[in-house]
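# Summary of structural features
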Amino acid sequence: MRTAIALLGLVALCATRVEAQATLDRAEEQLELAEFEEAARLLEEIADDTGARLDRAAVARLFRLRAVVRAALGREREANRDLTALVLVLEGREPGALPQALRRRFDRMRIAHGQDTLRVRVEIRPLGADEVRASVAADDADSGVVERTELTCRAGRREVASSDAGTVTVRGESELECEGRAFGPGGWEIDRSVARWRSGDPEAGGDEGGGGVGGIDETLLWVLGGAGAAVLVGVLIGVVAFAASETGVGGPVWVPRE
């Protein structure tokens, strides 16, 4: 029974991601037709849909498309922010096709932020004899990749506190396990981290590190969803020109020179 439920959940998740991919496809079609306002609307729709459960590849495509659309609409500051977000999401990989002007900006931002991460950190600190404060924070270089965080604390199997405000205060417990998660556009779970604390243990309360969302591998879900990395083909009407490329998520990794 548990296996059947897990398989049903996997099928539903794949279907959701395929639908999200279709929305991204429509946005790219509108971009190719120079229908920038409609493309922008579709991209905002998918970005705001927390139930879309986008994965890293889809989020990278979202930021890449949105940067082009916003640049075409003259929203340069927002386009630059999307390019910074793209640097962080790709984690050093090549972005795929971008207009030459945007590619130059991307390269500058990669030099500035290429070593930055989207790591989630959880800390637990005692405030007094009977009070403990837990907090979660996520680094995103002010790019807007991280849209919200969740923090849940348990004592044994009991949930004793939870918050999406980043901090909780717990009283009357002798031990805690707190898990923090960070989410990006389209409900993408960026990272998660766990910290444990025990009364009287001076080394407790540290972050055990992130390392991804855990559970089902994202690459497997991407394959099962029937989707692959997409390459931008260009904006018509002479507004922006694309250069063909097959790189992107999973592609070559850029290493800055020492």
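Located above this text is the structure these notes cover.
### What about the overall build of the protein?
Of regular secondary structure, the protein possesses six helices and seven strands. Reading the protein from its N end, one meets helices and strands in the order α-α-α-α-α-β-β-β-β-β-β-β-α. In the protein, which comprises 258 residues, the share counted as buried stands at 43%. For the protein, long-range pairs separated by at least 24 residues make up 58% of all intrachain contacts whose partners lie at least 6 apart in sequence. Of the accessible surface of the protein, which amounts to about 13,500 Å², a share of 48% is contributed by carbon and sulfur atoms.

### Re the sheet that holds strand S6 (residues 175–183)
Taken in spatial order, the four strands make up an open sheet running S4-S3-S6-S7, and their pairing is antiparallel. A single partner strand is all that each edge strand has here, and the edge strands are strand S4 (158–163) and strand S7 (189–198). Averaged over all adjacent pairs, the angle separating strand axes in this sheet is 20°, with direction ignored.

### Brief notes about the side chain of arginine 105
Following the sequence through the fold, arginine 105 ends up in helix H5 (residues 100–113). The residues touching arginine 105, leaving out its near neighbours within four places in the chain, are Glu76, Ala79, Asn80 and Leu83.

### Quick word on the sheet that holds strand S5 (residues 167–171)
Ordered in space as S1-S2-S5, the three strands form an open sheet in which the pairing is antiparallel. The open sheet terminates on both sides in strands that have one partner only, identified here as strand S1 (120–128) and S5. Across this sheet, the average inter-strand angle for adjacent strands is 20°, counted without regard to direction.

### Some details on the state of the cysteines
Applying the stated rule across the entire model yields one disulfide. Each sulfur in the disulfide pair cysteine 153 and cysteine 178 lies 2.1 Å from the other. Handedness here is read from the sign of the S-S torsion; for cysteine 153 and cysteine 178, about 110°, the answer is right-handed. On the criterion of sequence distance, the pair formed by cysteine 153 in strand S3 (residues 148–155) and cysteine 178 in strand S6 is long-range, its members being 25 residues apart.

### Describing the packing of helix H3 (residues 56–72) against helix H4 (residues 76–90)
Between H3 and H4, whose axes approach to 8 Å, the crossing angle comes to 160°. Our classification of the angle between H3 and H4 gives roughly antiparallel. Of the two elements, H3 crosses H4, and the hand of that crossing is left-handed. Taken together, the residues of H4 that come into contact with H3 (itself represented by Arg56, Val59, Ala60, Phe63, Arg64, Arg66, Ala67, Arg70 and Ala71) are Glu76, Glu78, Ala79, Asp82, Leu83, Ala85, Leu86, Leu88, Val89 and Leu90. Among the residues forming the contact of H3 with H4, the class breakdown is 12 nonpolar, no polar and seven charged.

### Topic: the environment of leucine 65
You can see leucine 65 is positioned in helix H3. In sequence terms leucine 65 and alanine 39 are 26 residues apart; their C-alpha atoms lie 8.7 Å from each other.

### Looking at the packing of helix H2 (residues 36–48) against H3
Following both chains from N to C, one finds H2 and H3 inclined at 145°, their axes separated by 10 Å at the closest point. At the point where H2 passes H3, the crossing takes the left-handed sense. Across from Phe36, Ala39, Ala40, Leu43, Glu44, Ile46 and Ala47 in H2, the residues of H3 making contact are Leu62, Leu65, Arg66, Val69, Arg70 and Ala72. For the contact of H2 with H3, the class distribution of residues is 10 nonpolar, no polar and three charged.

### Digging into H3
Residue pairs three or four apart in sequence face the same way in an α-helix, which turns once every 3.6 residues. Compared with the 24 Å implied by 1.5 Å per residue over 17 residues, the 24 Å span of H3 between its first and last C-alpha is a close match. Burial within H3 is extensive, with 16 of its 17 residues counted as buried. Of the residues trailing H3, glycine 74 is marked for its positive phi of about 80°.

About the thresholds
- Residues numbered from 1 in each chain as written.
- Predicted model: local features only at pLDDT ≥ 70, side-chain atom pairs only at ≥ 80, totals over all residues.
- Heavy atoms only, no water.
- Helix = DSSP H or I, 4+ residues; strand = E, 2+ residues; numbered from the N terminus.
- Buried < 20%, exposed > 50% of the residue type's maximum accessible area, 1.4 Å probe, protein only.
- Contact = heavy atoms within 4.5 Å.
- Areas by Shrake-Rupley, 256 points an atom, 1.4 Å probe, with all protein chains shown as cover.
- Pairing = 2+ DSSP bridges.
- Axes fitted to C-alpha atoms, helices over the stretch in contact; angles between N-to-C directions.
- Disulfide = S-S within 2.5 Å.
- Parallel < 35°, antiparallel > 145°, perpendicular 65-115°, else oblique.
- Left-handed = near helix turned anticlockwise from the far one by under 90°.
- Nonpolar A, V, L, I, M, F, W, Y, C, P; charged D, E, K, R; others polar.
- Expected span 1.5 Å × (residues − 1).

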